[in-house]
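One letter stands for each residue in the lines below.
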Amino acid sequence: MSSPRTSRRLASIALATTLVAPLGAIAFAVDNGEADRLRAAFEDFLGRPKPGEPSAVAVTPLGDDYELSIDFDRLAAPLKSVDVDLKLGRHVARLAPKPDGQWAWRSDRFEPVSWAIKGQTGRLALEGWRAEGEFSPALASFTRHTGHADRIVAEQTAPAHGETPRVDVRRVDEGLDLAWSAVPGASGAGVDAKLRQTLRSTTETFAISEGVAAGVPDMTATLKIGPSTTTAELAGLRSAAVLGLWRHLVAHHDKSDLTAGQAEVKARLRDLGPLFERLRQTTAIERVELETPVGFGEIGRVEVGLDAAGATEKGEADLTISLAGLEVHSLFIPAWASRLIPRDLVLHAKASGWDAASALALWLDRADFAAGPLSDADAAAVLKKLLPAGHVVIDFTGNRVKATDWTLDLDGGLVTGPDGATGAVTVSARGLESAASALRDPAAGEAGKQAADQIGLALSFAEKRDGAFVWRFEVNGDAVSVNGRPLSGGGSSSGARPEPLKGTPPATPNAPSKKVDAGKTPSKTIAGKSVPADAEDDDDADEDEPTKAGTSVKGLSTKK
């Protein structure tokens, strides 16, 4: 799994190796004049030296190739004025023009990086680094790129020197391999790219010290992560627009460039557009272990899946997280409680119904970088563009928790927006009754009895169906009910029966509510909307049709 620190490392590498976008029209003759043009092109992205000062970029002809050297320490030197001491070393790579217009690139040197920021320090070193690839100026992207590091060692201290307690973090990644490929976007815009990253193992140690006087004992915790694999597919990545915006900001970074010159900044942002049209990413980790002075735990396998749109008209994101073989052992967890801890989890949510593309376009039209935030009227107009239907649909189908003695399933959905949420979520559980009985064993003590009482209270709100306890939670603004019994909001509930469990006969569709607020017409649910109970039954055929937001969600009831 990629951590934020890993992402920053890879970003640093990418910065030094992908800044050749403007080279497509250059004739590739290996000579000093060409070297000067290459140096000027890299300075477009890294900054030009002040008059009389040497450049941080050097390009030297070497046979049929060019050696590229970037002095990142020189580029970082101005940060010392704001108490940031950043040592990035020197990046060295080899460039070679290819007959097809691409550039071959390779590097086997990555110097250690260190920093000191207001008393906090850190260091990053890559051992056994080697990388190579081919960059296309026409696509502003690597068409092929591979990288490998035997070890990546990162160390960090916090807080500032003299403050307590002190926290030292050391992370070691073993066996990093990454591969990137890209082709022209199938949609006609940007590139379609694929990324695969693997790590053999990761070990991260957290040490707390110098805090005894403040009541914090010295302790060390260790996180161990087994082999991990991350794959990602990006459709329509606007690689040329990303580099174009970067180059513009490097050349125009004064405040006046972002205010008086905001028209050009906005043009760059419009070119950037959705950034990407679609992202599909999966991460799989084998075995995670955590050791602390008060206990230890492990997870047999972790999987994370994300499918999301960029800033497009059709906004949606689908996230699934699954954990298998979860175990927790601690002196503070009694033996009876261990049977209540979940062992396997599947957590899922899908949200849809927003239009980020239209909202971004209107924001760029209305925003004035010199005047400050949008007016209330403009902000409301942007929000209306963002939520064309006035809400977002959230689908919770497929959530499941399994422990040694019990299981729990959660399905349903909500429609949520500025005015609140409506909808229904159904929870069904098996084994909780026997778990409560076990907790009443005298060996469990008073704490076990209290836990059993809490379970018993929850069961008192449930309906029994096919051996399972079922709770149907209905939400309408601040009013919440469970199986027709109000929990909050003060209003009477709809009285709708819970959804049947899988494998059981369904309840009579569109049955009128048992309870109706005074002065209100009884209603029923058709096509995900609440309508008068005497509406024509011909609409029943639309029961499974998508809602206005384009999503049909199990258990969803939209009320106006």
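Residue positions within a chain follow its written sequence, with the count starting from 1. With pLDDT at 70 or above as the cut-off, local features in this predicted model cover only qualifying residues; side-chain atom pairs require 80 or more to be listed or tallied, and sums for whole chains, interfaces and linings still use all residues. Just so you know, side-chain values use all the structure's heavy atoms and leave hydrogens and water out.

### Let's talk about the overall build of the protein
By definition, any uninterrupted DSSP run of H or I lasting at least four residues is a helix, any uninterrupted run of E lasting at least two residues is a strand, and each is numbered from the N terminus. In terms of helices and strands, the protein carries 10 helices and 28 strands. Only protein chains enter the area calculation, which uses a 1.4 Å probe; residues under 20% of their type maximum are buried, those over 50% are exposed, and those in between are partly exposed. Of all 560 residues assigned to the protein, the portion counted as buried reaches 37%. In this description, contact between two residues means that some pair of their heavy atoms is separated by no more than 4.5 Å. Within the protein, contacts between residues at least 6 apart in sequence are counted, and of these 58% link residues at least 24 apart. Only the protein chains shown count as cover for residues, with accessible areas throughout obtained via the Shrake-Rupley method and a probe of 1.4 Å. Surface exposure of the protein reaches about 29,100 Å², of which carbon and sulfur atoms provide 57%.

### Brief notes about a nonpolar patch on the surface
Residues forming no salt bridge and having over 30% relative accessible area are the ones grouped into patches, like charges within 9 Å of each other and nonpolar side chains (Val, Leu, Ile, Met, Phe, Trp, Tyr) within 5 Å. For this document, the term salt bridge refers to a Lys or Arg side-chain nitrogen within 4 Å of an Asp or Glu carboxyl oxygen. Together, V294, L331 and F332 give the surface a local cluster of nonpolar side chains, amounting to about 390 Å² of exposed area. When its relative accessible area of 42% is taken as the criterion, V294 is described as partly exposed.

### A short note on the side chain of T407
Relative to the assigned elements, T407 resides in strand β21 (residues 407–417). Assessed through its relative accessible area of 15%, T407 is described here as buried. When sequence neighbours within four positions are dropped, the list of residues in contact with T407 reads R400, V401, K402, S428, A429 and R430.

### Describing the packing of helix α9 (residues 432–439) against helix α10 (residues 445–460)
Any two packed helices are characterised by how steeply their axes cross, that is the angle between the axes, and by the distance between the axes. At a minimum axis distance of 8 Å, the contact between α9 and α10 shows a crossing angle of 155 degrees. With respect to α10, the element α9 is oriented roughly antiparallel. Seen from above, α9 lies across α10 with left-handed handedness. Contact residues: α9 offers L432, E433, A436 and L439, while α10 offers G448, K449, A451, A452, I455 and L459. For this classification, Asp, Glu, Lys and Arg are treated as charged, while Ala, Val, Leu, Ile, Met, Phe, Trp, Tyr, Cys and Pro are nonpolar and the rest, including Gly, are polar. Of the residues contributing to the contact of α9 with α10, the split by class is seven nonpolar, one polar and two charged. Simply put, an axis is a line fit to the C-alpha atoms, just over the touching stretch for a helix, and the angle between two N-to-C directions goes from 0 to 180 degrees. Throughout this description, any angle smaller than 35 degrees is read as roughly parallel, any larger than 145 degrees as roughly antiparallel, any in the 65 to 115 degree range as roughly perpendicular, and the remainder as oblique. Here is the rule for handedness: rotate from the far helix to the near one, and if that takes an anticlockwise turn smaller than a right angle the crossing is left-handed, while a clockwise turn gives right-handed.

### Structural notes on the nonpolar core
For soluble globular proteins, the rule of thumb is that nonpolar side chains tend to be buried together. What we call a nonpolar core is a set of buried Ala, Val, Leu, Ile, Met, Phe, Trp, Tyr and Cys residues that are connected through their side-chain atoms within 4.5 Å. Formed by 31 residues in total, the largest nonpolar core has its most connected members in V59, Y66, L68, L95 and L126. Sort the elements by how many residues they give to this core and helix α2 (residues 32–46) lands first, with five residues. Setting aside anything within four residues of it in sequence, one finds V59 in contact with A35, L38, R39, Y66, E67 and L68. V425, I455, L459 and V482 belong to the second-largest nonpolar core, a separate cluster that totals 23 residues.

### Some details on the environment of T202
Inspection of the secondary structure assignment puts T202 in strand β11 (residues 191–209). Apart from the residues within four sequence positions on either side, T202 is in contact with R171, V172, D173, L223, K224 and I225. N or O atoms within 3.5 Å of each other form a polar contact, as long as, within protein, one can give a hydrogen and the other can take it, and as long as residues adjacent in sequence are counted only when both atoms are side-chain atoms. A distance of 2.7 Å separates the side chain of T202 from the side chain of D173, its partner in a polar contact.

### Details of the environment of A93
Inspection of the secondary structure puts A93 in strand β4 (residues 90–97). We classify A93 as buried; its relative accessible area is 3%. Once you skip the residues sitting within four places of it in the chain, A93 turns out to touch Y66, E67, L68, W105, R106 and S107.

### Topic: the confidence of the model for the protein
Residue-level confidence of the predictor is what pLDDT reports, using numbers from 0 through 100. The pLDDT averaged across the protein works out to 84; a share of 82% of its residues lies at or above 70. Across residues 1–29, where pLDDT falls below 50, the model places 71 contacts with residues more than four positions away in sequence or in other chains. Below pLDDT 50 for its whole length, residues 491–560 participates in 122 contacts with residues either more than four positions away or in separate chains.

### Some thoughts on the packing of aromatic side chains
Think of it this way: a Phe, Tyr or Trp ring, Trp meaning its six-membered ring, pairs with another when their centres are within 6.5 Å, and the plane angle makes it stacked under 30 degrees, edge-to-face over 60, tilted otherwise. The final tally for this structure, using the stated rule, is five aromatic pairs. On the basis of an interplanar angle of 50 degrees and a centroid distance of 6.2 Å, the ring pair of Y66 and W103 is categorised as tilted. With a gap of 37 residues between them, Y66 in strand β2 (residues 65–71) and W103 in strand β5 (residues 103–107) connect regions that are remote in the sequence. Given a relative accessible area of 0%, Y66 falls into the buried group. Ring plane angle 40 degrees and centroid distance 5.9 Å describe the contact between W363 and F369, whose orientation is recorded as tilted. An aromatic cluster is built from W105, F135 and F142, whose rings are joined through pairwise contacts. A cation over a ring is seen here: K266 above F369, with NZ or CZ 5.5 Å from the ring centre. Only when the NZ atom of a Lys or the CZ atom of an Arg is both within 6 Å of the ring centre and within 35 degrees of the ring normal do we say a charge sits over the ring. Here the basic side chain of R485 rests over the ring of F461, its NZ or CZ set 4.3 Å away from the ring centre.

### Let's talk about α2
Between the first and last residue of a helix there are one fewer steps than residues, each counted as 1.5 Å, and that sum is the expected span. Compared with an ideal rise of 1.5 Å per residue, which puts 15 residues at 21 Å, α2 spans 21 Å between its outermost C-alpha atoms and is within 8% of the ideal. E34, A35, L38, A41, F42, E43, F45 and L46 are the residues of α2 that are buried. Downstream of α2 by one or two residues, G47 has phi in the positive range, about 105 degrees.

### Overview of the pattern of salt bridges
Opposite charge on two side chains makes pairing possible when the charged atoms of those side chains draw close. All chains considered together, the criterion is met by 35 salt bridges. Residues E111 and R109 are paired through a salt bridge, measuring 2.4 Å at the closest nitrogen-oxygen approach. What you see here is one network of salt bridges that share partners, running through R39, E43, D44 and R48.

### Considerations on the pairing of β5
Only one face of β5 is covered, namely the face carrying W103, W105 and S107; the face carrying A104 and R106 is uncovered. Note: two strands are recorded as paired if DSSP finds a minimum of 2 bridges between them. One ladder, built from four bridges, connects β4 with β5; its direction is antiparallel. Pairing of R94 across the sheet is with R106, part of β5. Pairing of β5 with strand β8 (residues 130–136), which is carried by five bridges, proceeds in the antiparallel orientation. In the strand pairing of β8, S107 is matched with A131.

### Some points on the environment of N483
By the secondary structure assignment, N483 is in the loop between β25 (479–482) and β26 (485–488). Between the alpha carbons of N483 and W471 there is a distance of 6.0 Å; along the sequence they are 12 residues apart. Of the polar contacts made by the side chain of N483, one reaches the backbone oxygen of F461; its length is 2.9 Å.

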